[in-house]
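# Chain and residue survey
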Amino acid sequence: MSIIAFKDTKVLVQGITGSAARHHTKNMLAYGTRIVAGVRPGAGGQEVEGVPVFNSVAEACASRPIDASILFIPAAGVKAAALDAMENGIKLVVIVTEHVPLQDAMAIMEAKRRLGATIIGPNTPGMISPPEKTMLGFVPARYFRPGPVGLASRSGTLTYEFVSRLTAAGLGQSTCIGVGGDRIVGLRFREALRKFQDDPQTEAVVLVGEIGGTMEEEAAELVAGGAVTKPVVTYVAGHTAPEGTKVGHAGAIVSGTRGTMKSKLAAFERAGIGVALEPAQVVKLLQEALK
Amino acid sequence: MRIYEHEAKQLLRQAGVSVPGSELASTAAQAQEAAQRLGGPVVLKPQTMIKARGKAGLIAFADTPQEAGQAAGELLGREHAGEKIDTLLVEAKVGFDQELYLGITVDYTEGCPVFIASSEGGVEIESVAQEHPERVIKRSISPGQGLTKEQAGEIADFLCPPKDGAVDRSDELRRIIAALYGVYTKFDCEMLEVNPLVLAGGSFLALDATAAIDEDALFRQAEMVRPRGQSEAEFELEKDHRKRGWTFLRMEGDIGILSSGAGITMAILDLMRAGGGRPANFLDTAQMNRQGIYDAFHLFLDDPAIKTVLVNIFAGLNRCDDLALGIQDFMTEYRPSFPVVVRMVGNREDEGREILRQVGIEAIAGLEDSVTQVIKITESLS
């Protein structure tokens, strides 16, 4: 099994006629993703890689069942497109676009809570479930193999780096999720961890974090509270990065001391989570955990 | 993108929040004239990105126009934390009894705006929040609904509890609270802060204001984009980087780093520092191609401090041979004085290696090995 997206997940591509969207639609189809429709206002009736294009999400949803949508939409249009998908009942939306304005991201997250949807991203290469041959995004599929490791990462480039090392060491993956590199993202480490805990195929989880934000601390608290019993291994990039100086006092009042490398490492230690201080240690820690 | 105090105050004033009378001055004579026009004692505040100006002794008070001119002469041209003071806000000095704190920022964990207020504003607000959390009110705001009347009322009552016999100021406070949220959304702020808001002469005045605009929203806040604390050339360069989608931060070291993706670049910086190397920069770019990598090399070209450059390529979707051609283009055209170390794996790796050999570069496959190698070469050059 995998989490979140499966071989029968029926996928919509919003903005399907753009050149990047066409290219990635082709790759996703080749990998095995069930792309059933595309949307591009004004291009209804066309086909892209054999996928029928509709003028609106509503039209596409009226014509066939759709479970998930992936957006290839410029930053300025992401809010409208994501809300459109969710308001038409789509429960999984992958937003690959980077540089989505904060206030737009906040509006998307509010709609997600209201409509009970799952958002992956923004600013993510997407997700891939190798056992299900399903990819929503544009990770380099040839590095991924089916197996027992669940991975959630804030960094796309580090995902490829680590997955290539896992695969080379014979450790395949159940599902790998780029949760997104932005300050506000939908699916967070804690939710990914819960889903991996419930997935019978996943035997261990890798979390690839970064300095800043509180996702690592939340994940550690979940593990410390006993909700996750599978082994978790982490790597956090930015050990030697200077702590960002905050403008004004408001940020510090809200987040306190969370977000620093010290706070993340301390939280992992309290939770008994294995921390790889260098990339090379991730595979070793996983191999020990899976013994 | 942080904006200056006087710009933030301008936004507040347009929204109906009172601020003290003020003028900008960039010479001592201008400051003196400004003080003359304002009449009475003034405060002189450098318009810089420097934090905690008061604590750094960069805020001056003057009772007469002559004193204002003199104080301005002492402040203007001073350098602090790498920034030169070239503009002062000359502002009428305001006496007050109580300092309130009002701020709006983003709760990144919950993904919503949060309004924060305290009746104990001033420079120590962070310790107040830590030691006496009950003296601070925080309200999460629904982005769809906005700040509700009830929330504004709650915050106003918290700041100025209604008392028998006292003047009821809650209506005015409520209006200011709502105006602040209006500015926050209208200008795509990631934070907006008034600290302090004071009661003077029967009405509230914003004595200081700080604001930062979300860089990702600048496409719809174009009128806010202008040089601040930087030369025209630096400003243009920053604009160019933004257009290309690059985040480039020059640091103190001597090893240039050309790698796309924030996560892997941070990991390289960590490995490099752990190995005793000194990275010269952080760089985050979108996926690279031949032209992009050629362009990015120019970041290091006219920088005399750069001794070596490390290129990291993990071609998962793009291709090693295409990127190697970009490196070849650059090396052939410029014959740079710095040695270039390339880590390269991914699609069409062998073809890419062959292209790099033609310009005398033997690509390395391991990330850690490439970092060790570039440190070794850099040390041998010192």
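## Focus: the overall build of chain A
Check the secondary structure of chain A and you find 10 helices and 14 strands. By the compact-globule yardstick of 19 Å for 291 residues, chain A fits well, its C-alpha radius of gyration being 19 Å. C-alpha atoms of chain A, sized along the principal axes, occupy 55 × 50 × 30 Å. The burial tally for chain A puts 57% of its 291 residues in the buried class. A separation of at least 24 residues holds for 72% of the contacts in chain A among residues at least 6 apart in sequence.

## Side note on the overall build of chain B
Helix and strand content of chain B: 12 helices and 18 strands. The C-alpha atoms of chain B give 26 Å as radius of gyration, which overshoots the globular expectation for 382 residues (21 Å, by more than 25%). Viewed in the frame of its principal axes, chain B has a C-alpha envelope of about 85 × 50 × 35 Å. Across the 382 residues in chain B, those meeting the buried criterion constitute 43%. The long-range fraction of contacts in chain B, counting pairs at least 24 apart against all pairs at least 6 apart in sequence, stands at 68%.

## A short note on the domain arrangement of chain B
The figure often quoted for interface size is the accessible area lost as the parts come together. Domain annotation for chain B reports domain 1 (21-92), domain 2 (99-224) and domain 3 (232-381). Taken over C-alpha atoms, the centre of domain 2 of chain B sits 44 Å from the centre of domain 3 of chain B.

## Some remarks on the packing of helix α2 (residues 28-38) of chain B against helix α3 (residues 65-75) of chain B
All names here are of chain B. Orientation of α2 relative to α3, taken along the N-to-C sense of each, is 150 degrees, at an axis distance of 7 Å. Classified by the interaxial angle, the pair formed by α2 and α3 is roughly antiparallel. Here the hand of the crossing between α2 and α3 comes out right-handed. Counted together, A28, A29, A31, Q32, A35 and Q36 of α2 and P65, Q66, A68, G69, A72 and G73 of α3 form the full contact between these two elements. Grouping the constituent residues of the contact of α2 with α3 by class yields seven nonpolar, five polar and no charged.

## Observations regarding the interface of chain B and chain A
Contacts between chain B and chain A engage 49 residues on the former and 47 residues on the latter. Ranked by residues supplied to the side of chain B that touches chain A, first place goes to helix α8 (residues 262-274) of chain B with nine residues. A breakdown of the residues in the side of chain B that touches chain A according to their chemical character gives 24 nonpolar, 13 polar and 12 charged.

## Side note on the domain arrangement of chain A
Residue and element names in this part refer to chain A. What the domain assignment reports for chain A is domain 1 (10-120) and domain 2 (126-290). Here the C-alpha centre of domain 2 lies 26 Å away from the C-alpha centre of domain 1. Counting only elements with at least two residues in the side of domain 1 that touches domain 2, the list comes to α1 (19-31), β5 (68-71), α4 (102-115) and β7 (118-120). Ranked by residue count, the leading element in the side of domain 1 that touches domain 2 is α4, at five residues. For the side of domain 1 that touches domain 2, the per-class residue count stands at 14 nonpolar, five polar and one charged.

## Structural notes on unusual backbone geometry
Residue and element names in this part refer to chain A. Cis geometry is found at the peptide bond from G121 to P122, where omega equals 5 degrees. Mapping P122 onto the fold places it in the loop between β7 and β8 (126-129). Of note, the phi angle at I4 is positive, near 70 degrees, even though the residue is not glycine. Assessed through the 22 C-beta atoms surrounding it within 10 Å, I4 is described here as buried. One non-glycine residue with positive phi stands out, namely K133, at about 55 degrees. Here K133 shows up in the loop between β8 and β9 (134-137). You can call K133 partly exposed: it has 16 C-beta atoms within 10 Å.

## Some words on the sheet that holds strand β3 (residues 42-46) of chain B
All names here are of chain B. On the basis of which strands lie adjacent, the open sheet formed by four strands has the order β2-β7-β3-β4 and antiparallel pairing. Taken across any chain shown, the strands that pair with only one partner, and hence form the sheet edges, are β2 (22-25) and β4 (60-62). Each adjacent strand pair in this sheet contributes to an overall mean axis angle of 25 degrees, direction not counted. Pairing geometry for β3 and strand β7 (residues 88-92), over five bridges, is antiparallel.

## Quick word on the sheet that holds strand β1 (residues 10-14) of chain A
Residues and elements named next belong to chain A. Pairing is mixed in the open sheet, where seven strands are placed in the order β3-β4-β2-β1-β5-β6-β7. Strand pairing shows two members of the sheet lacking a second neighbour, β3 (47-48) and β7, which therefore form its edges. Where helix α3 (residues 75-87) meets the sheet, it contacts β1, β5 and β6 (92-95), and its direction lies at approximately 165 degrees from that of β6.

## Structural notes on helix α11 (residues 349-357) of chain B
Residues lying three or four places apart along an α-helix face the same way, a consequence of the helix completing one turn every 3.6 residues. All names here are of chain B. Among the residues of α11, G352, I355 and L356 are the ones counted as buried. Down the axis of α11, the buried side of the element spans an arc of 100 degrees, and every buried residue falls inside it. The exposed set on the far side of α11, more than 90 degrees from its buried face, consists of D350 and R357. Along its buried surface, α11 packs onto α10 (320-334) and β18 (340-346).

## Some remarks on the environment of M86 of chain A
Residues and elements named next belong to chain A. Mapped onto the fold, M86 is located in helix α3. Here M86 falls in the buried class, since 23 other C-beta atoms lie within 10 Å of it. A C-alpha to C-alpha distance of 8.7 Å links M86 and G116, two positions 30 residues apart in sequence. Leaving out residues up to four positions away in the same chain, M86 has contacts with V93, A111, K112, L115 and A117.

## A short note on the environment of M288 of chain B
Residues and elements named next belong to chain B. Structurally, the position occupied by M288 is in the loop between β16 (281-284) and α9 (290-301). Each C-alpha atom, one on M288 and one on S259, is 8.9 Å from the other, the two residues being 29 residues apart in sequence. Apart from residues lying up to four places away in sequence, M288 is in contact with S260, I293, N318 and L323.

## What to know about the nonpolar core
Grouped together as the largest cluster of nonpolar side chains are 195 residues, with contacts concentrated most on L71, V93 and V206 of chain A together with L180, A211 and V342 of chain B. Considering every element that reaches this core, the biggest residue donor is α8 of chain B, with eight residues. Discounting residues that sit within four places of it in the chain, V206 of chain A has contacts with V149, L151, F162, V233, V282 and L286 of chain A. Ranked by size, the runner-up nonpolar core spans 18 residues in total, among them V42, V43, L76 and L88 of chain B.

## A look at the pairing of strand β15 (residues 255-259) of chain B
Residue and element names in this part refer to chain B. Along β15, five of the five residues are buried, which leaves the element largely enclosed by surrounding structure. When β15 meets strand β17 (residues 308-315), the two strands line up parallel, connected through five bridges. Note on β17: the bridge partner recorded for S259 is N312.

## Quick look at the pairing of strand β13 (residues 209-213) of chain B
Residue and element names in this part refer to chain B. Buried residues dominate β13, accounting for five of its five residues. Across the two faces of β13 the burial is the same, with A209, A211 and I213 and T210 and A212 all buried. As paired strands, strand β1 (residues 2-3) and β13 are joined by two bridges and run antiparallel to one another. Looking at β13, one finds that I3 is bridged to A211. In the sheet, strand β11 (residues 189-200) pairs with β13 via five bridges, with the strands oriented antiparallel. When the sheet's bridge partners are listed, V194 is paired in β13 with A209.

Here is what the cut-offs are and how they apply
- Counting from 1, residues in each chain are numbered in the order their sequence is written.
- Just so you know, chain letters begin at A and ligand numbers begin at 1, following the order they were written in.
- At least 70 in pLDDT is required for a residue's local features to be given in this predicted model, at least 80 for side-chain atom pairs to be given and counted, and no such filter applies to totals for whole chains, interfaces and linings, which use all residues.
- Here a helix means four or more residues in a row that DSSP labels H or I, a strand means two or more in a row labelled E, and each is numbered from the N terminus.
- Computation of the radius of gyration draws on C-alpha atoms alone. For the globule rule, the value is 2.2 Å times the number of residues to the power 0.38.
- With C-beta atoms placed from the backbone, a residue counts as buried when 20 or more other C-beta atoms lie within 10 Å of its own, as exposed when 12 or fewer do, and as partly exposed for counts between those limits.
- We call two residues in contact when their backbone-placed C-beta atoms lie within 7 Å.
- For the domains described, the bounds stem from an automatic or database domain assignment.
- For helices, the fitted axis covers only the stretch in contact; all axes are lines through C-alpha atoms, and the angles between them, taken along N-to-C directions, range from 0 to 180 degrees.
- With respect to orientation, any angle under 35 degrees is reported as roughly parallel, any angle over 145 as roughly antiparallel, any angle of 65 to 115 as roughly perpendicular, and every other angle as oblique.
- By definition, turning the near helix anticlockwise from the far helix through less than a right angle yields a left-handed crossing, and turning it clockwise yields a right-handed one.
- Side-chain classes are defined by residue name, with Ala, Val, Leu, Ile, Met, Phe, Trp, Tyr, Cys and Pro counting as nonpolar, Asp, Glu, Lys and Arg as charged, and the others, Gly among them, as polar.
- Strands are treated as partners if at least two bridges between them are detected by DSSP.
- Note that the arc is defined by the directions from the helix axis to the C-beta atoms.
- By convention in this section, buried Ala, Val, Leu, Ile, Met, Phe, Trp, Tyr and Cys residues joined through C-beta atoms within 7 Å make up a nonpolar core.

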